[in-house]
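Take a look at the letters that make up each chain.
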Amino acid sequence: MAEMAHGAHSEESGTRRDFLTLATAATGAVGAACAIWPFVDSMNPAADTLALSTTEAALDNIAEGMAVKVMWRGKPVFIRHRTADEINEAQSVDVATLPDPEPDSARVEKPEWLVLVGVCTHLGCIPLGTSSGENKGDFDGWFCPCHGSHYDTSGRIRKGPAPRNLAVPTYTFLDDTHIRIG
Ligand code: FES
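Remember, predicted model here, so these are calculated numbers, not experimental data.

1. Details of the pattern of salt bridges
For the structure on display, the rule yields seven salt bridges. Residue Asp 152 is joined to Arg 156 by a salt bridge in which the shortest nitrogen-to-oxygen separation is 3.0 Å. Side by side, Asp 152 and Arg 156 carry an identical accessibility label, which is buried. Note that Asp 152 is salt-bridged to Arg 158, the shortest N-O span being 2.9 Å. Accessibility expressed as a relative area gives 2% for Asp 152, which makes it buried. Bridged by salt links that share partners, the residues Asp 152, Arg 156 and Arg 158 form one connected network.

Below, the structure is given as structure tokens:
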């Protein structure tokens, strides 16, 4: 009987000890988080940087078959007004044969407008093919001169060392001739 009482008592004190340990640990964790937060927060972008996190671009002066480069968050963004042939090329590929399979429809809001982050997914060079007269590579899209990656008219990697398609940034059409990137 006395033993049982002793057992119950030690179980209870064990539970209390567990609780105290947990409570101390939790308080410590909260304290540490509060102490660290100002340092972490100071590394987040400042308000003036956040104000630059979106860029608006006008499309009305980009003729069909032309492309422009705008800067967004310190990176080039390519905006290409695709011709019917380029759209057709992009849509008629067998997606399963691509190194980074993605249908063209998943990469555009409107087929005639292709918007891409202009940074090669290999080692970060800026591919050629936006300005007229530049080498567009073997697939009529972009060619990265650093190590020879070829991108197609949907900005998808087709040949060369780059592992992924050119990224599509988030963007919205503000009206028929303006987009906001970011
Ligand atoms: S950085 Fe573009 S192919 Fe290497």
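Having seen the model, we can carry on.
2. Focus on the nonpolar core
The biggest cluster of nonpolar side chains holds 13 residues, and the ones touching the most others in it are Leu 59, Val 70, Val 77, Ile 79, Val 115, Ile 179 and Ile 181. Residue assignment for this core shows that the elements contributing at least two residues are strand E2 (67-72), strand E3 (75-81), strand E4 (113-117) and strand E9 (178-181). With residues up to four places along the chain from it excluded, the contact list for Ile 179 reads Thr 55, Glu 56, Ala 57, Leu 59, Ile 79, Val 115, Tyr 171, Thr 172, Phe 173 and Leu 174.

Basis of the calculations
- For every chain, the first residue of its written sequence is number 1, and the numbers climb from 1 along that sequence.
- With pLDDT at 70 or above as the cut-off, local features in this predicted model cover only qualifying residues; side-chain atom pairs require 80 or more to be listed or tallied, and sums for whole chains, interfaces and linings still use all residues.
- By convention in this description, side-chain values take in all heavy atoms of the structure and omit both hydrogens and water.
- By definition, a salt bridge exists where a carboxyl oxygen of Asp or Glu is found within 4 Å of a side-chain nitrogen of Lys or Arg.
- Only protein chains enter the accessibility calculation, which uses a 1.4 Å probe. A residue is then buried if its area is under 20% of the maximum for its type, exposed if over 50%, and partly exposed in between.
- In these notes, a set of buried Ala, Val, Leu, Ile, Met, Phe, Trp, Tyr and Cys residues joined through side-chain atoms within 4.5 Å is what counts as a nonpolar core.
- Secondary structure elements follow DSSP: runs of H or I no shorter than four residues count as helices, runs of E no shorter than two count as strands, and numbering proceeds from the N terminus.
- By definition in these notes, contact holds between two residues if any of their heavy atoms fall within 4.5 Å.

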